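As a plain string of letters, each chain reads:
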Amino acid sequence: MSSLSSSSGDGGGGGAGGDYDAPSSSRRRRNDNRVWPEPFVEALATHVAFDASETQGRLVAAQVLSSIFQVCSTWRAVSNSDLLWQNLTRRIWHCNNLRHNTWYEEYVYHHRLARNFRVRRYLYNTLQLSPADDNNNNENLVCRRLTISDYYLAAGFSDGTVRLFHLPNMLYLSTFRPQNRDRLGHFSPAVSGIILTETQIVFASLDGDIHVAMTDNAIPPRRAHLGKVVDDGALVDFNGCTQWWVGLYAGVPGRAFHVWNGVTEELVFIGGTLTDHEAVRGWHLLTELTELIGRVRLTSRELAVACTSLRFIVFDLRDQVIVLGEEEFPRGLMVGAFDARHEEFVIVDRRGSASVRRVGTLEEVCRFDVRGASQRGVLGCTNGGYALMCVGGLIRAWEIEHGEHLYSLVERIGEATALVADERYLVACSSDNTIHLWDFGVQ
């Protein structure tokens, strides 16, 4: 197995050294009073690498580790600790699931993905809808939401359906359809959000219905929550994780947020005024597909960040939905460019000025300019290390540690209706319902 140095390059911060054998899954701990104990060195390596990733960038952590392991043979032996690589992978790459043989391999994998994103190294493909779904209604079909898990891509459409694809082989798998009911407005069944895991898919519609299905499509989707659009308004965005579901509503004052326990599916909170000024536009969404009214995202610390065209708000889901901070923007924000991942979120104002903030403190990490955004609008997303912004059919990338503009993707996609990224993939859907897929997991 190669060392981390094989997955780094110019500007990537080096590697963890190429002159030692690949780490094993376990190691002996020496009891030698003449040298620093290995547990201490292991803790030191973790601290120094994480500090470097926070201040200089995640790719730099590998160079710091390489320097530590070259101090002496005892320090070098710490590189064999799988516990060390597990802690580093979780703290630096926010990865809690082991997909490779060892945590060292897992760390190398994520280092390579981040490096590929930085230097624009990817494979590009397009995905097509199932031929069985091609009908006369498809010309009016609009993809409104895209969501990625480790192995799946889910695309939600204006007719209420969700198409599921298998990412590794880029194959269409199945279409999930909501249960029929009386609808208020032509677009009331349109998909407003999707939560996706490897076994389960939860999708919501503008009228507030929430459906749950299994990714193997063994049984039809069941309705977990019956929306009450007259009482709550339109469900304009829906996001969550295994523990929490969060809905952002617009139409009825004082009911902006609905929070469910994702395990029991129990509604545990209703309240908030974030979208009160967007009430009329919320009702219009049921009959016409207008610009995005608001977005809500969850972070790795069970905090939620929500944004409208005038302000954003951060609140804690673990303690009775306590508001941790908010900020108003009289000149306006571009809702379509807002996104959050892990510990940071990105906002873009009407002048195209982007700000990367830390979720817990609202501290600004860096700024960058999205040229042309103020004239043509922008659709954006982030994967934790990079921000991707689509303006006029062209997708550009910035790193969000210092705000450096990196590149523009070669492929132009036309008008984008949805955009999403994770640590490996970038996916966009254009107005002709072509799904564009960039895979940064190449060797």
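Residues numbered from 1 in each chain as written. Predicted model: local features only at pLDDT ≥ 70, side-chain atom pairs only at ≥ 80, totals over all residues. Heavy atoms only, no water.

## Notes on helix 4 (residues 82–93)
Here helix 4 spans 15 Å end to end across twelve residues, near enough to the 16 Å set by a 1.5 Å rise per residue. Those residues of helix 4 that fall on the buried side of the exposure criterion are Asp82, Leu84, Trp85, Gln86, Leu88, Thr89, Ile92 and Trp93. Just past helix 4, the residue His94 takes up positive phi, approximately 55°. (Helix = DSSP H or I, 4+ residues; strand = E, 2+ residues; numbered from the N terminus. Expected span 1.5 Å × (residues − 1). Buried < 20%, exposed > 50% of the residue type's maximum accessible area, 1.4 Å probe, protein only.)

## Focus: the packing of aromatic side chains
The final tally for this structure, using the stated rule, is 16 aromatic pairs. Judged by centre distance (5.1 Å) and plane angle (75°), the rings of Trp85 and Tyr104 are edge-to-face. With a gap of 19 residues between them, Trp85 in helix 4 and Tyr104 in helix 5 (residues 103–119) connect regions that are remote in the sequence. For the pair shown, Trp85 and Tyr104 are each scored as buried. Centroid distance Tyr122 to Phe440: 5.3 Å. Interplanar angle 55°. Geometry classified as tilted. Of this pair, Tyr122 sits in the loop between helix 5 and strand 1 (123–127) while Phe440 is found in the segment after strand 28 (435–439), placing the two residues 318 residues apart along the sequence. Like Tyr122, the residue Phe440 is buried in the burial classification. Lying across the ring of Phe157, Arg163 places its NZ or CZ 4.7 Å from the centre. (Phe/Tyr/Trp six-rings, centres within 6.5 Å; stacked < 30°, edge-to-face > 60°. Lys NZ or Arg CZ within 6 Å of the ring centre and 35° of its normal.)

## Structural notes on the sheet that holds strand 12 (residues 257–261)
The four strands lie next to each other as 10-11-12-13, forming an open sheet whose pairing is antiparallel. In the strand order of this sheet, the two ends are held by strand 10 (233–240) and strand 13 (267–271), each with one partner. Put simply, the sheet's adjacent strands are angled 20° from each other on average, direction ignored. The pairing of strand 11 (residues 244–251) with strand 12 spans five bridges and is antiparallel. Paired with Val246 across the two strands is Val259, which belongs to strand 12. (Pairing = 2+ DSSP bridges. Axes fitted to C-alpha atoms, helices over the stretch in contact; angles between N-to-C directions.)

## A short note on helix 5
Given 3.6 residues to a turn, an α-helix orients residues that are three or four positions apart in the same direction. With 17 residues, helix 5 should cover 24 Å at 1.5 Å per step; its first-to-last C-alpha distance of 24 Å lies within 8% of that length. Counting buried residues in helix 5 gives 15 out of 17 residues, a clear majority hidden from the surface. One or two residues past the end of helix 5 sits Arg120, with phi positive at roughly 60°.

## A look at the sheet that holds strand 21 (residues 364–369)
In space, the four strands of this open sheet follow the order 18-19-20-21, with antiparallel pairing throughout. The outermost strands of the open sheet, each flanked by one partner alone, are strand 18 (339–341) and strand 21. Here the average twist between neighbouring strands, direction ignored, is 15°. Two elements, strand 18 and strand 19 (residues 344–348), share three bridges in a ladder whose sense is antiparallel.

## Some thoughts on unusual backbone geometry
For residues other than glycine, phi is negative in most cases, and the peptide bonds are mostly trans. Even without a glycine there, the phi angle at His94 is positive, about 55°. The residue His94 is located in the loop between helix 4 and helix 5 in this model. Positive phi, normally seen in glycine, also occurs at Asn217, with a value near 55°. By the element assignment, Asn217 lies in the loop between strand 8 (210–214) and strand 9 (222–225).

## Brief notes about the packing of helix 4 against helix 5
Close contact between helix 4 and helix 5 brings their axes to 8 Å; oriented N to C, the two are set at 30°. Between helix 4 and helix 5, the crossing angle belongs to the class labelled roughly parallel. The element helix 4 and its partner helix 5 pack so that their crossing is left-handed. Each of Asp82, Trp85, Gln86, Leu88, Thr89, Arg90, Ile92 and Trp93 in helix 4 lies in contact with helix 5, whose residues at this interface are Trp103, Tyr104, Glu106, Tyr107, His110, His111 and Ala114. (Parallel < 35°, antiparallel > 145°, perpendicular 65-115°, else oblique. Left-handed = near helix turned anticlockwise from the far one by under 90°. Contact = heavy atoms within 4.5 Å.)

## A few points about the confidence of the model for the protein
Summary statistics for the protein give a mean pLDDT of 87 and a share of 88% for residues scoring 70 or more. When mean pLDDT is compared element by element in the protein, strand 6 (residues 191–196) scores highest at 98, while helix 8 (residues 373–376) scores lowest at 63. The model gives residues 1–34 a pLDDT under 50, and that stretch makes 82 contacts with residues more than four places away or in other chains. (pLDDT = per-residue confidence, 0-100.)

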